[in-house]
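One-letter residues, chain by chain:
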Amino acid sequence: MPNANEDNPRALSQVQQRAVSELLRVSPVADDLARRFQEAGFSLALVGGSVRDALLGRLGNDLDFTTDARPEDVLKIVRPWADAVWEVGIAFGTVGCQKDARVDGVEQRFEIEVTTYRSEAYDRTSRKPEVSYGDSIEDDLVRRDFTVNAMAVALPEKEFIDPHGGLDDLAERVLRTPGTPEESFSDDPLRMMRAARFAAQLDFEVAPDVVAAMTAMAERIEIVSAERVRDELNKLIVAAHPRKGLALLVDTGLAAHVLPELPALRLERDEHHRHKDVYDHTLIVLEQAMALEEDGPDLTLRLAALLHDIGKPRTRRFETDGRVSFHHHEVVGAKMTKKRMTALKYSNELVKDVSRLVELHLRFHGYGTGEWTDSAVRRYVRDAGPLLERLHKLTRSDCTTRNKRKANALSRAYDGLEERIARLQEQEELDAIRPDLDGNEIMEVLSVGPGPVIGQAYKFLLELRLENGPMERDAAIAELKEWWAAQNADS
């Protein structure tokens, strides 16, 4: 691949050396596919994010190609070659396929997308792009979002194609658009969010003219479907530097349209009623939660960290003693979380989990600094359920005080709670707390059939179990009979 610019030969030489190494790794698959396109009379080029990632030395097994072949021709070429083919994106000119191949002596699976040269644009009211096919790779590249994604490598000859200076921008770690940012964002307003996402993923700066266009055109994001906005937001949140992308969304006004609860955390500070900047606190909590992740990015945990305090603006009160309070902001925040995530078309399960974490994030502080009772520990575990480990991480992350003595005291207190949970779990199987009698046993003891009273008795026994721990069967039966006698006496 030739050097595209001699102004910074050392930097460009390094990235190109990485690219050659990466491309050689995937050549057995990429070149094989390219030859098949050639034999059918078509061109094929590795393109976009795949070229960018090759230059950054981080190319994975997800490969993006572009071609002058129309989708029906692409299908004819890849079907005999691929191990699986899917047509989910064919309306937008994209054919997907899977190819298993032995590379460097190791069996590997490649996920491949081949997209016909195209151009796409939104009208003022449509939520979906109108797709038209092009005939040249240059026309295809000019319609792409950013110059670092507008590079291609023609295969199998490995000719580097970079008409918009993407290699220079990659070396400078900056995001620019191939044409004017206004034209690019008018074509597809989601590209404004993609700018923030790539800043978060790659730790790149966004060019000033691009930021200016994002700010001026922020309202245009509202014509994009909630699903597409949500998917970009997810990619940003699980990126390596989400704070950078989120700050860009807030500063340009985009967040006001897609996640208005975030900029709302920028509460004004009254000179007589000082309190922590909730917006800055939130971003710190997010970063501290990330530091506690053990198996890669955890979207549920990160969303909970991002949204845990969104109830504060609605609950803020200035007390007579000069303090600022946010009573029940966790309850209000949980409801707001559910509403916003539902509007963004998140799954019911994810909405439920994140909302629950927001609701529970203050529970630890509610028990005070004293020794927890066993019943309090049981309730804490019962209420968290399968979210307990994430709740541990969120609660620890929520401590952002600069007072080291206070921070250490909170950390020790939570260490103590986790030790108590571990001890009780060994003794009582806390993860599956149930009453000492089941529904059938309750009906037998009370000599009644199915009905509401069984649920009431079950709830009574569960509270008893939480309060006292496991009971002997005879003791549980005695307590149930005593409760039943009191119910009948009351009636």
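Further up the page is the structure itself.
One structure accompanies this document, and this report is about it. (Residues numbered from 1 in each chain as written. Predicted model: local features only at pLDDT ≥ 70, side-chain atom pairs only at ≥ 80, totals over all residues. Heavy atoms only, no water.)

1. Regarding the pairing of strand 4 (residues 94-103)
On any regular strand, side chains alternate: one points to one face of the sheet, the next to the other face.
Next up, step 1: The buried count for strand 4 comes to 8 of 10 residues, which makes it a mostly enclosed element.
Next up, step 2: As paired strands, strand 3 (residues 84-86) and strand 4 are joined by 3 bridges and run antiparallel to one another. Looking across to strand 4, one finds that Ala-84 is bridged to Gln-98.
Next up, step 3: Alignment of strand 4 against strand 5 (residues 106-116), held across 10 bridges, turns out to be antiparallel. Its bridge partner being in strand 5, Val-103 is matched across the sheet by Val-106.
Next up, step 4: Here strand 4 folds back onto strand 5, and the loop between the two strands holds 2 residues, one of which, Asp-104, carries a positive phi near 55°. (Buried < 20%, exposed > 50% of the residue type's maximum accessible area, 1.4 Å probe, protein only. Helix = DSSP H or I, 4+ residues; strand = E, 2+ residues; numbered from the N terminus. Pairing = 2+ DSSP bridges.)

2. Details of the environment of Met-336
Next up, step 1: The topology assignment puts Met-336 in helix 15 (residues 329-343).
Next up, step 2: The class for Met-336 is buried, based on a relative accessible area of 10%.
Next up, step 3: Counting along the chain gives 25 residues from Met-336 to Gly-311, while the straight-line C-alpha distance between them is 7.0 Å.
Next up, step 4: Ignoring anything within four residues of it in the chain, the contact list for Met-336 reads Glu-261, Ile-310, Gly-311 and Arg-314. (Contact = heavy atoms within 4.5 Å.)

3. A few points about a negative patch on the surface
Next up, step 1: There is a patch of like negative charges on the surface, built from Glu-138, Asp-139, Glu-157 and Glu-159.
Next up, step 2: Turning to its location among the elements, Asp-139 is positioned in helix 4 (residues 137-142).
Next up, step 3: Since its relative accessible area comes to 48%, Asp-139 is described here as partly exposed. (Patch = residues over 30% accessible without salt bridge, like charges linked within 9 Å, V, L, I, M, F, W, Y side chains within 5 Å. Areas by Shrake-Rupley, 256 points an atom, 1.4 Å probe, with all protein chains shown as cover. Salt bridge = Lys/Arg side-chain N within 4 Å of Asp/Glu carboxyl O. Lys, Arg positive; Asp, Glu negative; His and termini not counted. Charge placed at Lys NZ, Arg CZ, Asp CG, Glu CD.)

4. Side note on helix 3 (residues 71-78)
Side chains of residues three or four places apart in an α-helix project in the same direction, reflecting 3.6 residues per turn.
Next up, step 1: Among all positions of helix 3, only Pro-71, Val-74, Leu-75, Ile-77 and Val-78 are buried. The buried residues of helix 3 occupy an angular sector of 165° when projected down its axis, which confines them to one face. (Arc of directions from axis to C-beta.)

5. As for the sheet that holds strand 9 (residues 159-161)
Next up, step 1: The 7 strands lie next to each other as 3-4-5-2-1-8-9, forming an open sheet whose pairing is mixed. The open sheet has two edge strands with one neighbour each: strand 3 and strand 9. Each adjacent strand pair in this sheet contributes to an overall mean axis angle of 30°, direction not counted.
Next up, step 2: Examined bridge by bridge, strand 1 (residues 44-47) and strand 2 (residues 62-67) share 3 bridges and lie antiparallel to one another. When the bridges of strand 2 are listed, Leu-46 appears paired with Phe-65.
Next up, step 3: Where helix 3 meets the sheet, its contacts fall on strand 2, strand 3, strand 4 and strand 5, and the angle it forms with strand 4 comes to roughly 25°. (Axes fitted to C-alpha atoms, helices over the stretch in contact; angles between N-to-C directions.)

6. A few points about the packing of aromatic side chains
Next up, step 1: By the definition in use, this model includes 2 aromatic pairs.
Next up, step 2: For the pair Phe-146 and Phe-198, a centre-to-centre distance of 6.0 Å together with 85° between the ring planes defines the contact as edge-to-face. On the criterion of sequence distance, the pair formed by Phe-146 in the loop between helix 4 and strand 8 (152-155) and Phe-198 in helix 7 (residues 190-202) is long-range, its members being 52 residues apart. Exposure class is identical for Phe-146 and Phe-198. Each is buried.
Next up, step 3: With a centroid separation of 4.7 Å and an interplanar angle of 70°, the aromatic rings of Phe-364 and Tyr-414 are classed as edge-to-face. In this pair, Phe-364 is assigned in helix 17 (residues 363-366) and Tyr-414 in helix 20 (residues 404-428), connecting sequence segments 50 residues apart.
Next up, step 4: Using a relative accessible area of 2% as the deciding quantity, one classes Tyr-414 as buried.
Next up, step 5: Positioned above the aromatic ring of Tyr-279 is the side chain of Arg-266, whose terminal nitrogen or guanidinium carbon lies 4.7 Å from the ring centre.
Next up, step 6: Directly above the ring of Phe-326 sits Lys-312, whose terminal nitrogen or CZ lies 4.8 Å from the centroid. (Phe/Tyr/Trp six-rings, centres within 6.5 Å; stacked < 30°, edge-to-face > 60°. Lys NZ or Arg CZ within 6 Å of the ring centre and 35° of its normal.)

7. Thoughts on the side chain of Thr-147
Next up, step 1: Here Thr-147 is to be found in the loop between helix 4 and strand 8.
Next up, step 2: Residue classification places Thr-147 among the buried positions, given a relative accessible area of 2%.
Next up, step 3: A polar side-chain atom of Thr-147 sits 2.5 Å from a polar atom in the side chain of Asp-169.
Next up, step 4: Aside from chain neighbours lying at most four places away, what touches Thr-147 is His-164, Gly-166, Asp-169, Arg-176, Thr-177 and Pro-178. (Polar contact = N/O pair within 3.5 Å; in protein donor to acceptor, adjacent residues only side chain to side chain.)

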